[in-house]
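Understanding the architecture of this molecule
Letter by letter, the chains look like this.
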Amino acid sequence: MWKIWKCRNDEVFNSKGWRPDVACRSAVLEATEFLEANRELNVSRGRLQALPAEHYNIWEKPMRGWFKINFDGGLDNRSKSSGVGIIIRDEFGIFRAARAIYYGNLMSPVVIEALAARDGLLFAREMGLRYIQLEGDSQQIINLIQKKEDSNIEVGVIIADVNKLRDSFEGSKVSFVRRVGNSVAHLVAKNAARGSGIRTWEYYPLGFTPPFMRIRAQTDVLIDFLIIILS
């Protein structure tokens with residue numbers, strides 16, 4: 001927040017104009033550096049102690065030049081429907097695009113998660129991305145994609161499609177993240193299950209992020225929260 005305030009003061013008092021996207025990137029980089037420098041430390045009884053790996057819950061940006069595709073499947077028991085949520089962010093953690101896909105009939109969790117992974121890759125290919133990191137909070141699906149588990153008849157064909165799609169990129173990685181680090185994709189998926197059709201949002205310097213993605217600023221939405229403030 002300090003960086004945002006400083007950009008505002010530069011504009012008001014020093015006549016130094018900041019483009020919203022440039023100011024946002026600068027704020028994101030400083031915030032990310034701060035989090036990375038401090039997340040492994042825990043003050044306890046006056047001593048600094050390293051936190052165990054299982055406590056790392058904050059979304060992490062991908063490698064330089066790569067894009068991260070977070071996916072999730074959503075179920076709505078009231079309407080008996082399913083949906084898929086996808087969010088794409090760049091190496092700075094900047095929101096680039098999101099997609100909500102309504103699937104109608106209520107599906108099993110493993111099937112809708114597998115479809116979410118596949119649709120995330122299709123979306124990335126549609127955007128012309130070359131280096132991607134696919135990330136979700138279903139350990140089972142991640143293991144199936146990485147062939148750490150034997151595929152089953154329920155999702156075997158979908159997983160095969162996922163790995164075939166991965167081969168179409170110049171570089172691809174797959175990673176697991178806990179739900180708290182995948183909360184934006186989860187929100188989009190829940191919204192998709194209650195909606196209809198396919199809806200897509202893209203980021204522009206003066207654009208916006210959908211209202212249902214404007215929360216949880218302390219987890220993996222920190223970057224999107226900054227974009228909203230500067231938009």
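Calculation rules
- Residues numbered from 1 in each chain as written.
- Predicted model: local features only at pLDDT ≥ 70, side-chain atom pairs only at ≥ 80, totals over all residues.
- Heavy atoms only, no water.
- Pairing = 2+ DSSP bridges.
- Helix = DSSP H or I, 4+ residues; strand = E, 2+ residues; numbered from the N terminus.
- Axes fitted to C-alpha atoms, helices over the stretch in contact; angles between N-to-C directions.
- Contact = heavy atoms within 4.5 Å.
- Core = buried A, V, L, I, M, F, W, Y, C linked by side-chain atoms within 4.5 Å.
- Buried < 20%, exposed > 50% of the residue type's maximum accessible area, 1.4 Å probe, protein only.
- Phe/Tyr/Trp six-rings, centres within 6.5 Å; stacked < 30°, edge-to-face > 60°.
- Lys NZ or Arg CZ within 6 Å of the ring centre and 35° of its normal.
- Polar contact = N/O pair within 3.5 Å; in protein donor to acceptor, adjacent residues only side chain to side chain.
- Salt bridge = Lys/Arg side-chain N within 4 Å of Asp/Glu carboxyl O.

Turning our attention to the sheet that holds strand β5 (residues 95-105). With mixed pairing, the six strands of this open sheet are ordered in space as β7-β6-β3-β4-β5-β8. Every other strand in the sheet has two partners, leaving β7 (171-176) and β8 (198-202) as the edge strands with one partner each. Pairs of neighbouring strands in the sheet enclose a mean axial angle of 15 degrees, with direction left out of account. Note: strand β3 (residues 67-76) against strand β6 (residues 131-136), five bridges, orientation parallel. The residue of β6 that forms the bridge with Phe71 is Gly136. Against the sheet, helix α6 (residues 183-193) contacts β3, β4 (81-89), β5 and β8, and its axis sits at roughly 145 degrees relative to β4.

With that settled, the discussion passes to the nonpolar core. Ranked by size, the top nonpolar core spans 31 residues in total, and within it Ile69, Leu121, Leu134, Ile141 and Ile145 carry the most contacts. At the level of elements, β3, β4, β5, α3 (109-126), β6, α4 (139-145) and α5 (156-166) are the ones that each hand at least two residues to this core. If you tally residues by element for this core, the top one is α3, at ten residues. Setting aside anything within four residues of it in sequence, one finds Leu134 in contact with Ile69, Phe71, Ala117, Leu121, Ile145, Val162, Lys173, Val174 and Ser175. Among the nonpolar cores identified, the runner-up in size contains nine residues, and Phe95, Ala98, Ala100 and Trp201 belong to it.

On inspection of all chains with the given rule, the structure shows one aromatic pair. Ring geometry for Trp66 against Tyr131: centres 5.5 Å apart, planes inclined by 45 degrees, an arrangement best described as tilted. With Trp66 in the loop between β2 (47-50) and β3 and Tyr131 in strand β6, this residue pair connects regions lying 65 residues apart in the sequence. Classification of Tyr131 by relative accessible area gives partly exposed; the value is 28%. In this arrangement the basic side chain of Arg89 is found over the ring face of Trp59, its NZ or CZ atom lying 4.1 Å from the centre.

Turning next to the side chain of Asn70. Secondary-structure assignment places Asn70 in strand β3. Accessibility expressed as a relative area gives 0% for Asn70, which makes it buried. Of the polar contacts made by the side chain of Asn70, one reaches the side chain of Trp59; its length is 2.8 Å. Within the structure, Asn70 has its side chain in polar contact with the side chain of Asn182 (distance 2.8 Å). Not counting residues within four places of it along the chain, the set of residues in contact with Asn70 comprises Trp59, Gly85, Ile86, Ile87, Arg89, Glu135, Val177, Gly181, Asn182 and Ala185.

Moving on: the pattern of salt bridges. The tally for this structure, following the rule as stated, stands at seven salt bridges. Asp137 serves as the salt-bridge partner of Arg179, at 2.7 Å between the closest nitrogen and oxygen. Within this pair, whereas Arg179 is found in the loop between β7 and α6, its partner Asp137 is found in the loop between β6 and α4, the two being separated by 42 residues in sequence. Its relative accessible area of 40% is what places Arg179 among the partly exposed residues. For Asp137, a relative accessible area of 14% gives the class buried. When salt bridges that share partners are traced, they join Asp72, Asp137 and Arg179 into one network.

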